[in-house]
Amino acid sequence: MNKTLPTPHCIIDKITAVHRLNVLTLNVHKGFTFFNRRFILPELREAVRATGADLVFLQEVHGSHQQHAVRHPAWPDTPQYEFLADSMWPQFAYGRNAVYPHGDHGNALLSKFPIARFDNLDVSVQGNEQRGLLHCQLEVPGHEQVHAVCVHLGLREAHRQSQVKLLLELLDRLPAHAPVIIAGDFNDWRLKADAVLSRRLIEAFGERFGTPARSFPARMPLLRLDRIYLRNAMPCKAQVLSSYPWSHLSDHAPLAAEITL
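Basis of the calculations
Residues numbered from 1 in each chain as written. Predicted model: local features only at pLDDT ≥ 70, side-chain atom pairs only at ≥ 80, totals over all residues. Heavy atoms only, no water. Pairing = 2+ DSSP bridges. Helix = DSSP H or I, 4+ residues; strand = E, 2+ residues; numbered from the N terminus. Expected span 1.5 Å × (residues − 1). Buried < 20%, exposed > 50% of the residue type's maximum accessible area, 1.4 Å probe, protein only. Contact = heavy atoms within 4.5 Å.

Engineer: How would you sum up the sheet that holds strand 9 (residues 202–203)? Please name residues and give values.
Structural biologist: Strands pair in a sheet through their backbones, by hydrogen bonds, and they do so in one of two ways: parallel or antiparallel. Spatial ordering of the open sheet is given by 5-6-7-8-10-9, a layout of six strands whose pairing is mixed. Each edge of the open sheet carries a strand with a single partner, namely strand 5 (115–122) and strand 9. The sheet contact formed by strand 7 (residues 146–152) and strand 8 (residues 180–185) spans six bridges and is parallel. Each residue of the ladder has a partner; that of His147, found in strand 8, is Val180.

Engineer: Go over helix 5 (residues 157–173), please, and point to the residues and values.
Structural biologist: Here helix 5 spans 25 Å end to end across 17 residues, near enough to the 24 Å set by a 1.5 Å rise per residue. Those residues of helix 5 that fall on the buried side of the exposure criterion are Glu157, His159, Arg160, Gln163, Val164, Leu167, Leu168, Leu170 and Leu171. Against the buried residues of helix 5 lie strand 6 (132–138), strand 7, strand 8, helix 6 (192–197) and strand 10 (226–231).

Engineer: Lay out the environment of Arg71 in plain terms, naming residues and giving numbers.
Structural biologist: Mapped onto the fold, Arg71 is located in helix 3 (residues 66–71). Note on Arg71: relative accessible area 55%, which makes it exposed. Separated by 43 residues in the primary sequence, Arg71 and Val28 place their C-alpha atoms 19 Å from one another.

Rendered as structure tokens:
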């Protein structure tokens, strides 16, 4: 009886398929410490690199700022997200949300996997808070599509409710069986957004420990502001990085999770 052997291409796909990802999310606070006392982006880069994360979700990261570039000798010549990516994350995407006379800031994703395409969805509500959802489609071996959405929601409850609705509408447009990772700063200290999102998504810390993580302020986390939500994926590890040096590198403590696809 003849037996059909797999083609070399199938063998390669089987060997290289990725089923675990390390994810990190961090509000960069524009490269400054709490209360903007010190510019620490170079130290932050070393700490982020040490995590070895496959995907890094960044909020409040500068694309440019002419005044800061003059005032701070360590200010990079490249955009902050590109400086953080360095040689470790060959792929990155930036969603510019806030634009002002001297520069701009927004969300960014650093990826060890190719970013097939990305879009920045404006979810700003009338007023002075400019917010966005950075959606990236990733090419992860062994998966037809993997989607990543970097989130930074507003400070006002009514704004967050509208933005969560837009996030769910984006989710509805994605393939039903594709893995989706949604991470960032949700500013949801009342857990009202979590009550809505948890009906359709798994929150990494909620799944592992029963409730979203405390991440703000970084030196003594009390408020549950930052999240990692998953669809068609599961968390196997989740950790708040609140000890030194992280406690001195931003006003938010980063969240790290290992997930299975």
